[in-house]
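So you can see what is in the structure, the chains are spelled out below.
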Amino acid sequence: MKFTEFGFDERLMEGIDASGYENATPVQEQVIPLVLQGKDIIASAQTGTGKTAAFLLPLINKIITDPLVNHTNTALVIVPTRELAIQIAQHMEGLSYFTSVSSIAVYGGGDGNAFVQEKKALSHGADVVICTPGKMMAHIKMGYVKLDGLKYLILDEADRMLDMGFYDDIMFIINHLPAQRQNLLFSATMPHKIREMARRILHQPAEINISISKPNEKIVQEAFVVYEEQKIPLIKFLLKKKDFAMVLIFCSSKQSVKQLTRDLQRAGIKADEIHSDLDQDKREDVLMQFKSRRLPILIATDILSRGIDIDNIDLVINYDVPHDGEDYVHRIGRTARAAAEGTAYTFISPREQRKFLSIEKLLGKEVTKAKVPEEFGEVPVYNTTPQRSSGGGGNRNFSKPRRFNNNPSRGNGK
Ligand code: AMP
């Protein structure tokens with residue numbers, strides 16, 4: 001689904017374009033229309049599914065199109081950790097860049113300066129406050145936080161907040177909010193205690209369940225961080241190093257499938273290709289050879305990543321990083337089927353690192369980075385530092401902090 005179909009304000013569409021988003025993720029497709037309609041929501045969605053934008057986008061749209069909003073702590077996003085608060089604030093900054101919506105991240109562990117800045121923002125009012133529970137509660141107790149104009153409450157990673165013992169702090173904050181508000185609750189899991197909390201906080205919520213399948217535990221996953229031009233030599237090296245009986249190699253485009261097949265064949269490696277340019281007979285023939293083990297190496301586009309029933313594949317290679325976490329899980333799921341063990345290698349070029357990082361986030365684990373043999377020379381460094389969106393820097397007021405400094409009249413909530 002394209003973002004243009006949600007009917008968002010043009011200023012927000014600019015931020016979406018600038019963030020490089022084209023199509024909505026499944027969780028966004030489900031959540032956004034319901035938030036726009038004003039419904040309360042309980043959604044089970046993990047990190048990596050695009051859940052942050054799923055609530056930020058309709059929130060920003062509502063704030064910029066609602067003439068009655070008083071821009072004084074209109075929305076409160078409560079999260080378990082400062083890292084998540086910072087990450088969401090950065091997201092917010094990117095998406096709201098072309099709008100006048102302001103935001104602030106409020107979290108523990110800052111210095112006196114940060115506290116003063118937070119106090120100023122909370123008493124004069126930012127549109128969106130992204131906070132950790134303990135720090136927000138501390139500010140509320142001081143008495144200067146204006147919450148009477150609040151319209152939206154978002155609890156993100158609610159299960160983690162409860163695991164960290166934040167229940168009382170969250171309820172303290174909620175007891176200071178206007179009763180008339182829209183509530184969104186996101187949680188990776190839905191244990192009983194989350195449902196119980198939801199019952200107390202949400203009003204007739206719509207329930208959304210986006211569960212991502214996890215890869216089979218028996219698959220040994222490794223990744224090689226390389227330059228694009230090192231991929232083909234590395235494949236040849238790996239295929240010669242160990243005798244794999246059945247190897248499935250995935251490429252994201254037909255062109256790469258064809259190129260790689262030619263290169264391996266030229267190197268005397270018995271490999272063949274399957275993709276949508278081949279007619280049905282040819283596809284079936286290649287598949288039959290592979291299944292009957294006459295062909296040890298098959299190179300494929302994603303047409304083979306789902307639903308194809310081939311057991312005993314002992315190695316899957318992702319010649320390039322799959323489009324998203326779901327594709328990754330489906331591709332590597334071709335191995336270690338039917339009680340067998342399997343290995344999955346993924347090659348990551350520098351421009352694919354960000355994509356692989358978000359897949360790791362979705363899986364909830366870091367995939368082991370295998371050592372590339374020294375004879376391959378210098379290899380890139382895997383950069384795990386999250387990329388910042390435009391601007392922001394080390395500033396705690398991520399989204400146009402000028403708003404509360406330059407426009408004090410807002411501080412009266414008028
Ligand atoms: P989240 O699940 O919110 O942590 O998002 C995971 C990653 O997906 C983040 O890096 C987002 O910037 C990115 N993302 C979110 N929505 C989209 C989209 N519609 N298209 C492409 N990337 C997205």
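### Examining the packing of aromatic side chains
In the structure shown here, the tally under the stated rule is nine aromatic pairs. Where phenylalanine 3 meets phenylalanine 6, the ring centres are 5.9 Å apart and the plane angle is 50°; that geometry is what we call tilted. A relative accessible area of 11% means that phenylalanine 6 is categorised as buried. Residue placement shows lysine 141 over the ring face of phenylalanine 172; its charged tip is 5.3 Å from the ring centre. Across from the ring centre of tyrosine 319, 5.4 Å away, lies the NZ or CZ of lysine 231, which sits over that ring.

### Re a negative patch on the surface
Side chains of Glu10, Glu14, Asp17 and Glu22 sit close together on the surface and give a patch of like negative charge. Mapped onto the fold, glutamate 10 is located in helix 1 (residues 10-18).

### So, the sheet that holds strand 1 (residues 41-45)
Ordered in space as 3-4-2-5-6-1-7, the seven strands form an open sheet in which the pairing is parallel. Strands with a single pairing partner mark the edges of an open sheet, and in this sheet they are strand 3 (103-106) and strand 7 (206-210). Each strand axis lies, on average, 15° off the axis of its neighbour in the sheet, ignoring direction. Relative to strand 4 (residues 128-131), helix 6 (residues 133-142) is tilted by about 120°, and along the sheet it contacts strand 2 (75-78), strand 3 and strand 4.

### Topic: the pairing of strand 3
Here strand 3 shows no split at all, with Ser103 and Ala105 on one side and Ile104 and Val106 on the other all buried. In the sheet, strand 3 pairs with strand 4 via four bridges, with the strands oriented parallel. The residue bridging serine 103 from the neighbouring strand is valine 128, located in strand 4.

### Topic: the domain arrangement of the protein
The parts lose accessible area when they come together, and the size of an interface is often stated as this lost area. Examined at the domain level, the protein breaks down into domain 1 (3-209) and domain 2 (219-410). The gap between the C-alpha centroids of domain 1 and domain 2 is 34 Å.

### Examining the side chain of lysine 231
Examined against the element boundaries, lysine 231 turns out to sit in helix 10 (residues 231-241). At 3.0 Å, the side chain of lysine 231 forms a polar contact with the backbone oxygen of tyrosine 319. Within the structure, the side chain of lysine 231 is placed 2.9 Å from the side chain of glutamate 352, a separation counted as a polar contact. Residues contacting lysine 231, with those up to four places away along its chain left out, are Val226, Tyr319, Asp320, Phe347, Ser349 and Glu352.

### Overview of the sheet that holds strand 14 (residues 368-369)
In sheet architecture, strand pairing relies on hydrogen bonds along the backbone and comes in two forms, parallel and antiparallel. Across the sheet, seven strands lie side by side as 10-11-9-12-13-8-14; this open sheet has parallel pairing. With partners counted over all chains shown, the strands left at the sheet margins are strand 10 (271-274) and strand 14, one partner each. As defined by bridge partners, strand 8 (residues 219-225) adjoins strand 13 (residues 342-348) across seven bridges and the pair is classed as parallel. If you follow alanine 223 over to strand 13, its bridge partner there is threonine 346. Contacting strand 9 (247-250), strand 10 and strand 11 (297-300), helix 11 (residues 254-266) crosses the sheet at an angle of about 165° to strand 10. Most of the contacts of helix 12 (residues 280-291) go to strand 10, to which it runs at about 140°, and overall it touches strand 9, strand 10 and strand 11.

### Brief notes about the site of the ligand
Residues in close proximity to the ligand total 13 residues, the closest being Tyr21, Gln28, Gly48, Gly50 and Thr52. Within the backbone of glycine 50, an N or O atom sits 2.8 Å from an oxygen atom of the ligand. Taking threonine 52, its side chain carries an N or O atom lying 2.6 Å from an oxygen atom of the ligand. The residue inventory of the shell around the ligand, partitioned by class, reads two nonpolar, nine polar and two charged.

The rules behind the values
Residues numbered from 1 in each chain as written. Predicted model: local features only at pLDDT ≥ 70, side-chain atom pairs only at ≥ 80, totals over all residues. Heavy atoms only, no water. Phe/Tyr/Trp six-rings, centres within 6.5 Å; stacked < 30°, edge-to-face > 60°. Buried < 20%, exposed > 50% of the residue type's maximum accessible area, 1.4 Å probe, protein only. Lys NZ or Arg CZ within 6 Å of the ring centre and 35° of its normal. Patch = residues over 30% accessible without salt bridge, like charges linked within 9 Å, V, L, I, M, F, W, Y side chains within 5 Å. Areas by Shrake-Rupley, 256 points an atom, 1.4 Å probe, with all protein chains shown as cover. Salt bridge = Lys/Arg side-chain N within 4 Å of Asp/Glu carboxyl O. Lys, Arg positive; Asp, Glu negative; His and termini not counted. Charge placed at Lys NZ, Arg CZ, Asp CG, Glu CD. Helix = DSSP H or I, 4+ residues; strand = E, 2+ residues; numbered from the N terminus. Pairing = 2+ DSSP bridges. Axes fitted to C-alpha atoms, helices over the stretch in contact; angles between N-to-C directions. Contact = heavy atoms within 4.5 Å. Domains from an automatic or database assignment. Polar contact = N/O pair within 3.5 Å; in protein donor to acceptor, adjacent residues only side chain to side chain. Near = heavy atom within 4 Å. Nonpolar A, V, L, I, M, F, W, Y, C, P; charged D, E, K, R; others polar.

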